[in-house]
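# Structural description and commentary
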Amino acid sequence: MPADWTSIEALPSPQLEALFADEPDRLKKLSLDVAGLHFDWSKTHLTAGAIAAFEALARAQDLAGKREALFAGEIVNVTEGRAATHTAERGEGKPEDVSLAKTFHARMRALIDAIEAEALGPIRHVLHVGIGGSALGPHLLVDALGRESGRYDTAIVSNVDGVALEEAFARFDPAATLLVIASKTFTTTETMLNAESVLEWMEEGGVEDPYGRVVALTASPDKAVEWGVDETRVLPFMESVGGRYSLWSSIGFPAALALGWDCFEQLLDGAAEMDRHFRLASLSENAPALAAFADLYYTQVRHAETRATFAYDERLRLLPSYLQQLEMESNGKGVTVDGKPLGRPSAAITWGGVGTDAQHAVFQLLHQGTHLVPVEFVAVIEPGDSLAEDHHRQLLLNAFAQGAALMKGRANDKDPARGYSGDRPSSTILLDVLDARTLGALIAFYEHRVFVNATLLGINPFDQFGVELGKEMAKAAGEGGQTFDVSTEDLIRRAFGE
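Residues numbered from 1 in each chain as written. Predicted model: local features only at pLDDT ≥ 70, side-chain atom pairs only at ≥ 80, totals over all residues. Heavy atoms only, no water.

## Here we look at the overall build of the protein chain
From N to C terminus, the protein chain includes 19 helices and 11 strands. Against the 2.2 N^0.38 benchmark of 23 Å for 498 residues, the protein chain shows a C-alpha radius of gyration of 24 Å, consistent with a compact globule. For the protein chain, the spread of C-alpha atoms along the principal axes amounts to about 75 × 60 × 55 Å. Of all 498 residues assigned to the protein chain, the portion counted as buried reaches 54%. In the protein chain, the proportion of contacts linking residues at least 24 apart, taken out of those at least 6 apart, comes to 75%. (Helix = DSSP H or I, 4+ residues; strand = E, 2+ residues; numbered from the N terminus. Rg over C-alpha atoms; globule rule 2.2 N^0.38 Å. Buried < 20%, exposed > 50% of the residue type's maximum accessible area, 1.4 Å probe, protein only. Contact = heavy atoms within 4.5 Å.)

## Overview of the sheet that holds strand β4 (residues 153–157)
Taken together, 5 strands build an open sheet; the order of strands is β4-β3-β5-β6-β7 and the sheet is parallel. Strands at the two margins of the open sheet, each flanked by one partner only, are β4 and β7 (234–236). If you compare each strand with its neighbour and ignore which way they point, the axes differ by 15° on average. Where strand β6 (residues 214–218) meets β7, 3 bridges bridge the pair, whose relative direction is parallel. (Pairing = 2+ DSSP bridges. Axes fitted to C-alpha atoms, helices over the stretch in contact; angles between N-to-C directions.)

## With respect to the sheet that holds strand β8 (residues 306–312)
Ordered in space as β1-β2-β11-β10-β8-β9, the 6 strands form an open sheet in which the pairing is mixed. The sheet is open, and its two edges are formed by β1 (31–34) and β9 (349–354), each paired on a single side. Each neighbouring strand pair of the sheet contributes to a mean axis angle of 15°, computed without reference to strand direction. Packed onto the sheet, helix α16 (residues 389–408) meets β8, β10 (375–380) and β11 (426–431) and runs at close to 160° relative to β10.

## Topic: α16
In an α-helix, one turn spans 3.6 residues, which is why side chains three or four residues apart end up on the same side. An ideal rise of 1.5 Å per residue puts 28 Å on 20 residues; α16 measures up with 28 Å between its terminal C-alpha atoms. The complete set of buried residues in α16 reads H392, L395, L396, A399, Q402, G403, L406 and M407. Buried residues of α16, viewed axially, fall in a sector of 140°; they line one side. Seen from the open side of α16, the exposed residues pointing more than 90 degrees away from its buried face are E389, D390 and K408. Each element contacted by the buried residues of α16 is listed here: α2 (16–22), β8, α15 (363–368), β10 and β11. Just past α16, the residue G409 takes up positive phi, approximately 65°. (Expected span 1.5 Å × (residues − 1). Arc of directions from axis to C-beta.)

## Points about the pattern of salt bridges
Enumeration according to the criterion identifies 28 salt bridges in this entry. Measuring nitrogen to oxygen at the nearest pair gives 3.1 Å for the salt bridge that ties E92 to R276. With E92 in the loop between α5 (63–71) and α6 (95–116) and R276 in helix α12 (residues 261–280), this pair connects stretches of sequence that are 184 residues apart. Relative accessible area serves as the criterion here: at 39%, R276 is assigned to the partly exposed category. In this structure, R317 engages D143 in a salt bridge whose closest nitrogen and oxygen atoms are separated by 2.8 Å. Of this pair, R317 sits in the loop between β8 and α14 (319–331) while D143 sits in helix α7 (residues 133–145), placing them 174 residues apart in sequence. (Salt bridge = Lys/Arg side-chain N within 4 Å of Asp/Glu carboxyl O.)

## Structural notes on α6
For α6, spanning 22 residues, the distance from its first C-alpha to its last is 31 Å, which sits close to the expected 32 Å at 1.5 Å a residue. Of the residues making up α6, those classed as buried are D97, V98, A101, F104, H105, M108, L111, I112 and I115. Looking straight down α6, one finds its buried side chains confined to an arc of 145°; they lie on one side. Turned more than 90 degrees off the buried face of α6, the exposed positions are P95, E96 and K102. Its buried side turned inward, α6 meets β5 (177–182), β6, β7, α11 (253–259) and α12.

## Observations concerning the packing of aromatic side chains
Per the stated rule, a full pass over the model turns up 17 aromatic pairs. These aromatic residues form a ring-pair network of at least three members: F71, Y245, F278, F451 and F462. Over the aromatic face of F20 sits the side chain of R26, whose NZ or CZ is 5.6 Å from the ring centroid. R90 extends its terminal NZ or CZ atom over the ring of W248, reaching a point 4.5 Å from the ring centre. (Phe/Tyr/Trp six-rings, centres within 6.5 Å; stacked < 30°, edge-to-face > 60°. Lys NZ or Arg CZ within 6 Å of the ring centre and 35° of its normal.)

Okay, structure coming up:
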C-alpha cells in the first residue's frame, strides 16, 4: 500500500523571517555538527511540525529497517537482486563484506607500494580512463585534495571525444605513463575505446610492452585478464558496489596513488564517521535525514523542480557534477520498488556551480526569477591558498550574504525591477577544513541523503536502467542494425554521409 502523503502535502508555507521571529531557538534546532562539518537548515522552511510529519512517513516506510538492511548487507537493490555494499568499503557493514573489502584494499595498497618502488618502471603520469561513477568520484578526490601533491601527474578521462585524450597525450610522456582502466563490467564501450587508443599512443611512443603498464579496476576480473591485463594488476571490487558509490573501492585507486595511502584511509575514516552518525542518530538530529526532509518538502509541497549546490571553494568545483550523477541517476525514477507508477515528483534536477563565479552568472534567477530553487552553499573555514586573508574572507562573506539576501529580500515599490521578493530557501554546509576526512564525511552524507529520499519515496536508488536504451541504440546504429525516426536518420546521413 502506498505511503500516505496527506499530512505532508497539507504542510503550511510559512515565511522564513516569521519562523525566525517566532522560534528563538530555531538555529539551535536546525543545525548540527558532525565529523568536522557544520550543517545549517534554519533558512529552510522546515518546522517542528514538518519534521514530525516526515518522521511519521519514515516510520510508515520503515526507514529504520531499510537502513539496517543496507548496513547488514541484505538485498536492498531489489530490481537487480543484490545488496549495496559501499558502506562495507569503509568498515561499516556485514562482517564478511567488510573483510572482503579489506582484502581488496590490501591488494590495492600492495600494488601502490610496488609502483612507488618503480616495479613497473619510472612512472610519473597516471592516465585513468572510465566513465560515470568510474571517473566522477576519483576526479573529485584528486582535484580537491591533490593540488599540492607532487607524487604523480594524474589525468582522468571519461569522454569518448578524442579531444579529451589528446589533451592528456600532450601533457604526458608515454614512457612514464601508467594506464588505469576503470570499468565495472570491463565492457563499457567508451572506456574500452579510450583504453585501446591509449595503448596505441604508448606503443607509438616507444613503449615495448604497453600492456605491462596497465592496471584494471573492475568487478569482472576474468574479463580484464582476458582483455590482456596481468592478473597481478587487476584490482577487483564487489559486484554489489554501485558505480556512483564506488570511489571507496578499487575505483579510488588513482586517488590513493596520487594522494598517498594515508590520505585514502583518512577518506574512508571520515565516511565511516558519517555512516555511524546516520545509523545511530535520531531522525530529528540526523544530518542526511534532515537534508532529505528539506528536499522532499520543496519537491512535494512547494513543487520545486530543481535544487542548486554552490561550492564556495575552488577545490570543490567538481562537487556539483559529482552530485548530479549521485542524485539524479539514483533517484530519477518513475516507478516504485514494486514496479508501480510513482505518481509524484522524484528527485529534483540537481545543478550548481562555483562561487563567486556563479553569482555573476545564475544568481539573477535565484533572487528575482519565477522559479523556486532551494540553494545549498558548501564552504570551508580554513583557506586553501596562501594569499592575503581578504581573498578567503570575501569568499566566505559572499556565501553567507547570498543566503541572507535570498531569505530577506528587499521591496522596491517605486522600481519593481530592483525589488527582491525574499523568502527563498537555502542551507549551508561549512567544513572546518577541506581534508580527506571531511571530504569523506561530506560524500557519505550525500549518499545517505539520497538513500533517505529514495526510501521515503518508495523507489530503488541503486539501479540505473535509464542509461541503457540510448547506449543500446547507439551500438546498434554503429553495427548498422538500427532504424531511426526521420530526424535521427537525417542527422546520421549529414554527419557520416550514410
